[in-house]
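# A look at the structure
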Amino acid sequence: MRDITKDTRLCISLSARPTNIGTRFHNHLYEVLDLDFVYKAFTTTDIAAAIAGVRGLGIRGCSVSMPWKEDVIALVDEMTPSADAIRSVNTIVNDDGRLVAYNTDFIAIRALLDTHEVPRTSCAVLGAGGMAKACVAALKDAGFGPGTVVARNTTTGPALAEQYGWSWASSPEGLDDGALLLNATPVGMAGGPAEHDLPVGEDLIGAAGTVFDVVALPSRTPLLRAALAAGKPVITGAEVIALQAAEQFALYTGVRPTPEQVTEASRISRA
């Protein structure tokens, strides 16, 4: 492994529940591509101080996860179109003290809808946070007609739906048969309070056309396991995190890994 010196560039992630997925992914590619970088995962109780540290310490890149994707907007200097359009940030690049925000979740979700050839049916997005915003924006950009935002929050749910001309429901009952069902909530996330739960009932999973869960850990969430058991095509959060991490990697380093290198890094990250 390359020695870490005063010239080594640091990239980090900020997450409420840090994992080694991003750490393994990025550090593997740094080694393969012989880049003088190192990547480390962190959490924080003070997001403003953490972002000030990114700026003040010259940290090159910062991945931002729930629950701070909207909180960091006020802390950066520039919002690129991918972040500004949905008012949600998952990537910050430090250009000599100027913090520039992106949303690579949007880029990854949009690409996966095409690569999986998801029919442009009706759709429902569960959740109304930063990831849900990226999902709704990607669906609209991909040519899906107005869908339904399903969120219990009576403020953020209707606001997200109205922004994109969608409808809002506080519960997922009555969704169309054959619809794309996309989970953008933390339900099913490893280590969370609902890691063993389903975000919707099995009847709705059985009625769905395609099931898409953006939760990355575990790679097969309770929702995905239920969908596969019902014979439904699925898109996984593991695919999202690999594609969005590859976009982040290119933004941080200026080097774009090959698809084969991304696939291998993704495999190692989950080993």
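Residues numbered from 1 in each chain as written. Predicted model: local features only at pLDDT ≥ 70, side-chain atom pairs only at ≥ 80, totals over all residues. Heavy atoms only, no water.

## Details of the overall build of the chain
Helices and strands together make up the secondary structure of the chain, namely ten helices and twelve strands. Relative to its length of 271 residues, the chain is compact, with a C-alpha radius of gyration of 18 Å against a globular reference of 18 Å. Based on the C-alpha atoms only, the size of the chain along its principal axes is roughly 60 × 35 × 35 Å. Counting every position in the chain, which comprises 271 residues, the buried fraction comes to 51%. Considering only residue pairs separated by 6 or more positions, the chain has 65% of its internal contacts joining residues 24 or more positions apart. Summed over its atoms, the accessible surface of the chain is roughly 12200 Å², and 53% of this surface lies on carbon and sulfur atoms. (Helix = DSSP H or I, 4+ residues; strand = E, 2+ residues; numbered from the N terminus. Rg over C-alpha atoms; globule rule 2.2 N^0.38 Å. Buried < 20%, exposed > 50% of the residue type's maximum accessible area, 1.4 Å probe, protein only. Contact = heavy atoms within 4.5 Å. Areas by Shrake-Rupley, 256 points an atom, 1.4 Å probe, with all protein chains shown as cover.)

## Digging into the nonpolar core
Membership of the largest hydrophobic core comes to 33 residues, with the highest contact counts inside it found for I109, L113, V125, L139, W166 and F212. Those elements that provide at least two residues to this core are α4 (104–115), β7 (123–126), α5 (130–141), α6 (156–164) and β10 (180–183). Tallying contributions element by element places α5 first for this core, with eight residues. For F212, the residues in contact, after removing those within four places along its chain, are I109, L112, L113, L180, L181, L182, N183, I235, T236 and V240. (Core = buried A, V, L, I, M, F, W, Y, C linked by side-chain atoms within 4.5 Å.)

## A word on α6
All of the buried residues in α6 are G157, L160, A161 and Y164. Each buried residue of α6 sits inside an arc of 95° when the element is viewed along its axis, so together they form one side. Each element contacted by the buried residues of α6 is listed here: α5, β8 (148–150) and β9 (167–169). (Arc of directions from axis to C-beta.)

## Thoughts on the pairing of strand β3 (residues 61–64)
Here β3 shows no split at all, with G61 and S63 on one side and C62 and V64 on the other all buried. Looking at chain direction, strand β1 (residues 9–14) and β3 are connected through four bridges and run parallel. Each bridged residue has a counterpart across the sheet, and for C11 the counterpart in β3 is G61. Bridge analysis of β3 against strand β5 (residues 91–95) gives three bridges, and the strand direction is antiparallel. Within the sheet, the bridge partner assigned to S63 lies in β5 and is T91. (Pairing = 2+ DSSP bridges.)

## Some points on the environment of T19
In this fold, T19 is placed in the loop between β1 and α1 (21–32). Between the C-alpha atoms of T19 and F42, which are 23 residues apart in sequence, the distance is 8.9 Å. One polar contact links the side chain of T19 to the main-chain amide nitrogen of I21, over a distance of 3.2 Å. (Polar contact = N/O pair within 3.5 Å; in protein donor to acceptor, adjacent residues only side chain to side chain.)

## Some thoughts on the sheet that holds strand β11 (residues 210–213)
The strand order across the open sheet built from six strands is β9-β8-β7-β10-β11-β12, with neighbouring strands paired in parallel fashion. A single partner strand is all that each edge strand has here, and the edge strands are β9 and β12 (234–235). Pairing geometry for β11 and β12, over two bridges, is parallel. Within β12, the position partnered with V211 by the bridge is V234. Along the sheet face, α6 touches β8 and β9 and points at about 160° away from the line of β9. (Axes fitted to C-alpha atoms, helices over the stretch in contact; angles between N-to-C directions.)

## Some thoughts on the pairing of strand β6 (residues 98–102)
Relative to β6, strand β4 (residues 78–79) runs parallel, the two being bridged by two bridges. In the strand pairing of β6, E78 is matched with V100. Connecting the antiparallel pair β5 and β6 is a turn made up of two residues, with D96 showing a positive phi of about 55°.

## Topic: the side chain of T104
Mapped onto the elements, T104 comes out in helix α4. For T104, a relative accessible area of 1% gives the class buried. Beyond its immediate stretch of four places on either side in the chain, T104 contacts N90, T91, Q244, E247, Q248 and L251.

## Digging into the packing of aromatic side chains
One pass over the structure, following the stated rule, counts two aromatic pairs. One aromatic cluster in this structure is built from Y30, F37 and F249. (Phe/Tyr/Trp six-rings, centres within 6.5 Å; stacked < 30°, edge-to-face > 60°.)

## A look at the sheet that holds β3
Here we have six strands laid out as an open sheet, ordered β2-β1-β3-β5-β6-β4, and mixed in their pairing. The two strands at the open ends of the sheet, each matched to only one other strand, are β2 (37–42) and β4.

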